[in-house]
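Given next are the chains, with one letter for each unit.
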Amino acid sequence: MGDTTFLAVKSEVYQIPGVADIEAALRAGADVRLILLAEDAAGSSVEALVERAERLSIPVRRATRRVVTRLSVIEHADALALVGRDPYAGIDEMIAAGGASWLLVGVAYPGNVGMVVRTVEVSGGSGIVVDAKFENEGRKAALRASMRADKFMPVHWDLPWQILDGAEAAGHGIYAIDEEGSSAPWEVDLTGPRLFVVGGENGGIAPEVMKRCHVRIRIPMAGFIPCYNLQAAVSAIATERLRQLGDLNSGRRGRLPQALA
């Protein structure tokens, strides 16, 4: 059986690839939420896995071999399991799960939203709330651009107040990504339960949302164009958080953030 521990970073969500490892995880009582099987996967071990999943009421989906290969962190996996994150969790459940939740406010372009949603899922986020004036077609376009990340992570289309209230009530740090912030991402502690707030392409974060944030983080820029694309900004925070989580085991971490005045 392969070693899947390298897939997890601290307590962040991870996938388990391979029929044998998924079977072992189920026997050990792992919190498996979904199993994705290659459509051509067959044999007694695959049948046994499907039967066990059915007994445990774990959804099993089939996908093309190409899709499973693209999603897997290792080659030649017949099956992937989603562990620890419920794609159907509500906003309050998402906050209660801890980890990194995200709030995207005032965004205008479905393609940008989709890339942000994908980045949040890839980096192990607990979920995201998108405050955008999209009709159904706009939402569908965003989810297509996300590689249908909503199948593996909660994605909510809602106003920002419920997630802000929930994060405050749970004692989570609320961090705004803002060009007027005073600290770089690697200068603050991004670990632990956090809600990261990102503003739209034109208006940024609305004042009534910004006043709910505890910390402003500025991503350094050196070029002539005055801002990054939304996905690039989210990626900078998400990957720095993963780096800091990895550093916890070696005793290194960023300094604690200073609250907004």
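Draft legend 1. Spotlight on the packing of helix α5 (residues 110-122) against helix α6 (residues 136-145). With their axes 7 Å apart at the nearest point, α5 and α6 run at an angle of 45 degrees to one another. Regarding the angle of α5 to α6, the classification is oblique. Crossing geometry of α5 relative to α6 is assigned as right-handed. Of the residues in α6, those touching α5 at Pro110, Gly111, Val113, Gly114, Met115 and Arg118 are Gly138, Ala141, Ala142 and Ala145. Broken down by class, the residue content of the contact of α5 with α6 amounts to six nonpolar, three polar and one charged.

Draft legend 2. Summary view of unusual backbone geometry. We note that Ser57 has phi near 60 degrees; this positive angle belongs to a residue other than glycine. Relative to the helices and strands, Ser57 is located in the loop between α2 (44-55) and β3 (60-63). Residue classification places Ser57 among the exposed residues on the basis of a relative accessible area of 64%. Non-glycine residue Met147 carries a positive phi angle of around 65 degrees. We classify Met147 as partly exposed; its relative accessible area is 28%.

Draft legend 3. Highlighting the side chain of Glu240. Along the polypeptide, Glu240 turns up in helix α9 (residues 230-247). Of note is the side chain of Glu240, whose polar atom sits 2.7 Å from the side chain of Arg243. Beyond its immediate chain neighbours, meaning those up to four positions away, Glu240 contacts Pro185, Trp186 and Leu190.

Draft legend 4. Layout of the nonpolar core. Formed by 31 residues in total, the largest nonpolar core has its most connected members in Trp102, Leu104, Val113, Ile128 and Ile237. Only β5 (100-107), α5, β6 (127-132), α6, β8 (173-177), β9 (194-199), β10 (215-217) and α9 provide two or more residues apiece to this core. Broken down by element, the residue count for this core peaks at five residues, all from α9. When residues no more than four places from it in sequence are discounted, the contact partners of Ile237 are Trp102, Ile177, Pro185, Leu190, Phe196, Ile217 and Ile219. Listed in part, the 23 residues of the second largest apolar core include Val50, Val68, Ala77 and Ala79.

Draft legend 5. View of the pairing of β6. In terms of burial, β6 is largely enclosed, as five of its six residues are buried. Judged from the six bridges that link them, β5 and β6 form a sheet pairing that is parallel. Within β6, the position partnered with Ser101 by the bridge is Gly127. Each parallel crossover has a hand, and the one from β5 via α5 to β6 is right-handed. Where β6 meets strand β7 (residues 155-157), three bridges bridge the pair, whose relative direction is parallel. The partner of Ile128 across the bridge, within β7, is Val155. As for the winding sense of the linkage, the β-α-β connection from β6 through α6 to β7 is right-handed.

Definitions and cut-offs
Residues numbered from 1 in each chain as written. Predicted model: local features only at pLDDT ≥ 70, side-chain atom pairs only at ≥ 80, totals over all residues. Heavy atoms only, no water. Axes fitted to C-alpha atoms, helices over the stretch in contact; angles between N-to-C directions. Helix = DSSP H or I, 4+ residues; strand = E, 2+ residues; numbered from the N terminus. Parallel < 35°, antiparallel > 145°, perpendicular 65-115°, else oblique. Left-handed = near helix turned anticlockwise from the far one by under 90°. Contact = heavy atoms within 4.5 Å. Nonpolar A, V, L, I, M, F, W, Y, C, P; charged D, E, K, R; others polar. Buried < 20%, exposed > 50% of the residue type's maximum accessible area, 1.4 Å probe, protein only. Polar contact = N/O pair within 3.5 Å; in protein donor to acceptor, adjacent residues only side chain to side chain. Core = buried A, V, L, I, M, F, W, Y, C linked by side-chain atoms within 4.5 Å. Pairing = 2+ DSSP bridges. Right-handed = clockwise from strand over helix to strand, strands pointing away.

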